[in-house]
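# Tertiary structure, described
The lines below spell out each chain.
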Amino acid sequence: MVNKGKCYKCRSFLRYYTRGRIQFNITKYGWCGTKLCTVEGQSCCCEFKQRIRSKGSRLTLRLYLSGLLTEISAIKLLLEEEMDENL
């Protein structure tokens, strides 16, 4: 069985971006690390390998950011109390 899938879902596909005024804009093309050439994201390939996305790293990042926000709010409260005492 031949494994065919869209290039944009392949782990060897790296999307090209163009620089916009505010952010980078996505293009239809990218670099294929298997074929070593530029390909369209919607094209199919028989050397397709599914890209693996781990949700664990996203969860870890969310927990880390949540901890940082908690620390920042505690510091903010301390600074507000100190300012109230000085007035």
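To be clear, the structure that these remarks concern was listed above.
For the structure given in this document, a descriptive report is provided here. Just so it is clear, the structure is predicted and the values come from calculations on it, not from any experiment. (Residues numbered from 1 in each chain as written. Predicted model: local features only at pLDDT ≥ 70, side-chain atom pairs only at ≥ 80, totals over all residues. Heavy atoms only, no water.)

Counting its regular elements, the protein chain contains 1 helix and 5 strands. In the protein chain, the succession of helices and strands from N to C terminus is β-β-β-β-β-α. A compact globule built from 87 residues would reach a C-alpha radius of gyration of about 12 Å, whereas the protein chain, at 23 Å, exceeds it by more than 25%. Projected onto its principal axes, the C-alpha positions of the protein chain cover 75 × 35 × 15 Å. Across the 87 residues of the protein chain, 13% fall into the buried class. (Helix = DSSP H or I, 4+ residues; strand = E, 2+ residues; numbered from the N terminus. Rg over C-alpha atoms; globule rule 2.2 N^0.38 Å. Buried < 20%, exposed > 50% of the residue type's maximum accessible area, 1.4 Å probe, protein only.)

This part covers the pairing of strand β4 (residues 37-40). Two faces belong to every sheet, and in a regular strand the side chains alternate between them. As paired elements, strand β3 (residues 24-32) and β4 share 4 bridges and run antiparallel to each other. If you follow Cys-32 over to β4, its bridge partner there is Cys-37. Here β3 folds back onto β4 in antiparallel fashion, the turn holding 4 residues, of which Leu-36 has a positive phi close to 60°. (Pairing = 2+ DSSP bridges.)

Quick look at the sheet that holds β4 now. Strand order across the open sheet formed by 3 strands is β2-β3-β4, with antiparallel pairing between neighbours. Each end of this open sheet is capped by a strand with a single partner; those strands are β2 (13-19) and β4. Direction aside, neighbouring strands of the sheet carry axes that sit 45° apart on average. Here β2 runs beside β3; their pairing, made up of 6 bridges, is antiparallel. Among the inter-strand pairings, Leu-14 is bridged to a residue of β3, identified as Trp-31. (Axes fitted to C-alpha atoms, helices over the stretch in contact; angles between N-to-C directions.)

Our focus in this paragraph is unusual backbone geometry. Even without being a glycine, Leu-36 presents a positive backbone phi close to 60°. With respect to the element layout, Leu-36 can be found in the loop between β3 and β4.

Turning our eyes to something else, we now look at the side chain of Ser-12. For Ser-12, the position within the fold is in the loop between β1 (5-6) and β2. Among the residues examined, Ser-12 registers a relative accessible area of 16% and is labelled buried. At 2.9 Å, the side chain of Ser-12 and the side chain of Thr-34 are in polar contact. Residues contacting Ser-12, with those up to four places away along its chain left out, are Trp-31, Cys-32, Gly-33 and Thr-34. (Polar contact = N/O pair within 3.5 Å; in protein donor to acceptor, adjacent residues only side chain to side chain. Contact = heavy atoms within 4.5 Å.)

Fair warning: the whole summary comes from geometry, so function is off the table for now.
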